[in-house]
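An overview of the molecular structure
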Amino acid sequence: EKDGYDWFMRKEIFEQPRALADSLLGRRTPTGELQLDEMRLSDDELRDIDKMIIIAAGTSFYAGMVAKYAIEHWTRIPVEVELASEFRYRDPILTQSTLVVAISQSGETADTLQAIRHARVQRSKVLAICNTNGSTIPRESDGVIYTHAGPEIGVASTKGYLTQLIACYLLALYLAQVKGTRYGDEISQVIDQLEEMPGHVQTVLDRADQVYALAQEHVGTRSVLFLGRHAGYPVALEGALKLKEIAYLHAEGFAAGELKHGPIALIEDGLPVLCIVPPRGRDQLHDKMISGIQEVRARGARTICLAEEGDDSITPYADAMIRLPNVPVLLQPLVAVVPLQLFACEIATALGHDVDQPRNLAKSVTVE
Ligand code: M6R
């Protein structure tokens, strides 16, 4: 049931605070340590891991890209992220100390399933991050972290993606705890921050009308670009995928630093560019993003900036602004993707498309 919403997708977008809270439930022991019940891989096995490969498709792949930033930062284990459909065909280097992480909302994606079968034949350990209890991918894995998004019906993944991010952060922190690469205090501080995320996502949802109004202004556009850096880069890719899938619009996401290496040639008068601005005060990331935004605007782009509350440095270069709660850069995807989901849903609705059943797409892709 759609509970009064026009689409399952919109309902699922608004369910995200609850889905996040459910996915965080019961993850701490009474003494404050992180626990992952269905992990099944022993601490000894995890301590031996010296390389990780994340495999997934579509939106789940973009969750994997965010995971790489978090896992490498907190654990210092090198992480590769690979499209499931490409994985087997490049003769990947897999050993017993490689942990392969398969991210799949449905647990039935054929490309991802074939990839984990390949990894297990090479005797690597496989961990699934999955939203569907008892589905094939977790059944064929050595361990699993279930997300608790509840059933996702809209073909375009929304709450599935956000809860995958939560599972990835928890995995990263768990590995840091087991490997001792981070102190307990720091780990519980990040878990505290994660526990604030359902509230932050709710804040973004409370301002949905602003995003809808912006979307309505762009219904006639033929192309939309998305720019991000660091953890905001995969968010740009995900924002573009959402628009392609349900609004059938040409949309592309770029790493802002790559602009001058080619994509800036695409900029023309009035082209909407959604820019995900990293939080202030970390390296030069924020300032470099601003200069990227200046560059596209100087060439006629219409800049729609997603920036944290209180960040006024961006105001002179923003044709429109969407405010995000103040959160650490690694967790920013959780709040930054939400306006992009709302934007795509609103444009697709205005164009008269079937948002829940976009043309040519299936909810789970069980053929290779
Ligand atoms: O069920 P999975 O997470 O394995 O599905 C992977 C992709 O097919 C899926 O994310 C697809 O890209 C969605 N339609 C995205 O909205």
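In this text the structure is predicted, and so the values were computed from the model without any measurement.

1. Section: the state of the cysteines
Disulfide: a covalent bond connecting the sulfur atoms of a pair of cysteines. Summed over all chains, the structure comprises zero disulfides. Among the cysteines around C168, which has no disulfide bond, C130 carries the closest sulfur, lying 12 Å off. The structure places no disulfide on C305, whose sulfur is separated from the nearest cysteine sulfur, that of C275, by 4.5 Å. C305 sits in the buried class, given a relative accessible area of 0%.

2. Comments concerning the sheet that holds strand β2 (residues 79-83)
Read from one edge to the other, the open sheet built from five strands follows the order β2-β1-β3-β4-β5, with strand pairing classed as parallel. Each edge of the open sheet is held by one strand with a lone partner, namely β2 and β5 (143-146). Taken pair by pair, the neighbouring strands of this sheet meet at an average axis angle of 20°, ignoring direction.

3. Here's the deal with unusual backbone geometry
A positive phi angle is found at R76, which is not glycine, with a value near 60°. Mapped onto the elements, R76 comes out in the loop between α4 (58-75) and β2. Residue R76 is classed as exposed on the basis of its relative accessible area of 63%. The phi dihedral of R123 falls on the positive side, at around 70°, and the residue is not glycine. Tracing the chain through its elements places R123 in the loop between α6 (110-121) and β4 (125-130).

4. With respect to helix α8 (residues 159-179)
If you check α8, its first and last C-alpha atoms are 30 Å apart, about what 21 residues at 1.5 Å a residue would give, namely 30 Å. Of all 21 residues making up α8, 19 are buried, and the element is well covered by its neighbours. Phi for G180, located one or two positions after α8, is positive at around 70°.

5. Overview of the packing of helix α10 (residues 208-217) against helix α13 (residues 332-350)
Between α10 and α13, whose axes approach to 9 Å, the crossing angle comes to 50°. Judged by the inter-axis angle, α10 sits oblique to α13. By crossing handedness, the relation of α10 to α13 is classed as right-handed. Two secondary-structure elements touch here, α10 through A208, V211, Y212, L214, A215 and Q216 and α13 through P339, L342, F343, E346, I347 and A350. Considering only residue class, the contact of α10 with α13 consists of 10 nonpolar, one polar and one charged.

Procedures and definitions
Residues numbered from 1 in each chain as written. Predicted model: local features only at pLDDT ≥ 70, side-chain atom pairs only at ≥ 80, totals over all residues. Heavy atoms only, no water. Disulfide = S-S within 2.5 Å. Buried < 20%, exposed > 50% of the residue type's maximum accessible area, 1.4 Å probe, protein only. Pairing = 2+ DSSP bridges. Helix = DSSP H or I, 4+ residues; strand = E, 2+ residues; numbered from the N terminus. Axes fitted to C-alpha atoms, helices over the stretch in contact; angles between N-to-C directions. Expected span 1.5 Å × (residues − 1). Parallel < 35°, antiparallel > 145°, perpendicular 65-115°, else oblique. Left-handed = near helix turned anticlockwise from the far one by under 90°. Contact = heavy atoms within 4.5 Å. Nonpolar A, V, L, I, M, F, W, Y, C, P; charged D, E, K, R; others polar.

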